[in-house]
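Observations on chain architecture
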Amino acid sequence: MGAKGYPYVYGGYDTMIRELGERLVKRGVHVRVYNHRALFPQKPRYVNGIECIYTPAIESKKLTQLSHSFFSMVHACFSDIDVILVVNSANGPFGVISRFFRKKTVINVDGLEWLRPKWEGIASKYFFWASRMATKYYDQLINDSDEMQRVYKELFNADSKVIAYGANPRADVDPEPIEKWGIKSQSYFLIVGRLIPDNNADLIIDGFLKSNSERKLVIVGDVPFDDDYASILKNKEDERLLFLGYVTDQNELAAWYSHCFAYFHGHEYGGTNPAMLKALGFGCAILALDTPFNKEMLQNGKHGWFFKKSTESVQDIVEASESSKERMAYFRGTARQGLIQRYNWDYVTDQYLEVFQELSGKKPFGSSPEKPKLEQVKS
């Protein structure tokens, strides 16, 4: 619980629920996902072997996610499940409910939400407090990177297990979806992500426009509400800029990744980032903001080039990359090698299953040839 549901896919958590849930079902686990009722016009009870429960929410910008998680937690605690997996540190306080009912719990806390510019004042303080509560009330804390594990230990004196996010590498993607825009392979730089301050699209765009590049800068992503920051960006006038908004066709998105000259990653806060994993999986040359999280993912520059948080640094790396085509070709050629074992979805699933088995004291059907009739784990 804590994501929007299954098989709905909008962001990283929803993708994780899909990839993890479907694999757990194949391993003999009874998986239940709590879906946000308002997002599902059709409400089948089972989808691909996953049980779907449609819980309500207080429909408002600030309360939707929290209220949905609250109702889901109450429902789960009155059911016969063995382990509850929660995503998002905002749901940290709800662990007190599961602890009262003596339900075993796991929480994936994600990134440094309290530092993100979109959360100010009370919201920022809430995220910090909720993250602290997650360390107190849940049986197992999951971080998706070594750096996030260090942060939680330093800030909250909390131990956690590192289980990263998975990737689905893909090669030889047809360029046809981008050619309809009159754009050729490697004739553009690419940004993929929500147009929010902590992804630094403004910094990248301004630095790119100062450069002497004749390539285009293609921006994939938007925000699902009226926003001054996003509007200012989209109103910038330069023939080198192409704003595509959301790209929901996965083949088209794959083509934009696969055929870019370089992928810009400006995400500032958080651990393992799904967009970065996609860039590695599609064989992109990656230009990333210099942060501890991005350095960890790119193995300290083995699979990417870093820029500082300034327009001058972005300008410099645009011009340097265009004059270093051999280096960019090397990054493209070795990108998929950056998807080490921890970023493999099957390996990720195995790690989560070990946690569930340890907490529940059970093993799913078929997991042990010697003991095939052990009781199922329900999560």
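Residues numbered from 1 in each chain as written. Predicted model: local features only at pLDDT ≥ 70, side-chain atom pairs only at ≥ 80, totals over all residues. Heavy atoms only, no water.

Regarding the sheet that holds strand 8 (residues 188-192)
A sheet is described by the order of its strands in space; here six strands give the open sequence 10-9-8-11-12-13, paired in parallel fashion. If you trace the sheet from one side to the other, it starts and ends with strand 10 (241-245) and strand 13 (305-307), each paired once. Mean inter-strand twist for the sheet, computed between neighbouring axes without regard to direction, equals 25 degrees. Bridge count between strand 11 (residues 262-265) and strand 12 (residues 286-289): three bridges; the pairing is parallel. Counterpart to Y263 in the pairing with strand 12 is I286. The strands touched by helix 9 (residues 250-258) are strand 8, strand 9 (216-220), strand 10 and strand 11; relative to strand 8, the strand with the most contacts, the crossing angle is about 130 degrees. (Pairing = 2+ DSSP bridges. Helix = DSSP H or I, 4+ residues; strand = E, 2+ residues; numbered from the N terminus. Axes fitted to C-alpha atoms, helices over the stretch in contact; angles between N-to-C directions. Contact = heavy atoms within 4.5 Å.)

What to know about the pattern of salt bridges
Under the definition given, this model contains 24 salt bridges. The salt bridge involving R45 is made with E51; its shortest N-O contact spans 2.4 Å. Take E51: its relative accessible area is 2%, and that puts it in the buried class. Note that E312 is salt-bridged to K210, the shortest N-O span being 4.0 Å. With E312 in helix 12 (residues 311-322) and K210 in helix 7 (residues 201-210), this residue pair connects regions lying 102 residues apart in the sequence. Taking relative accessible area as the criterion, K210 reaches 47% and is therefore assigned partly exposed. (Salt bridge = Lys/Arg side-chain N within 4 Å of Asp/Glu carboxyl O. Buried < 20%, exposed > 50% of the residue type's maximum accessible area, 1.4 Å probe, protein only.)

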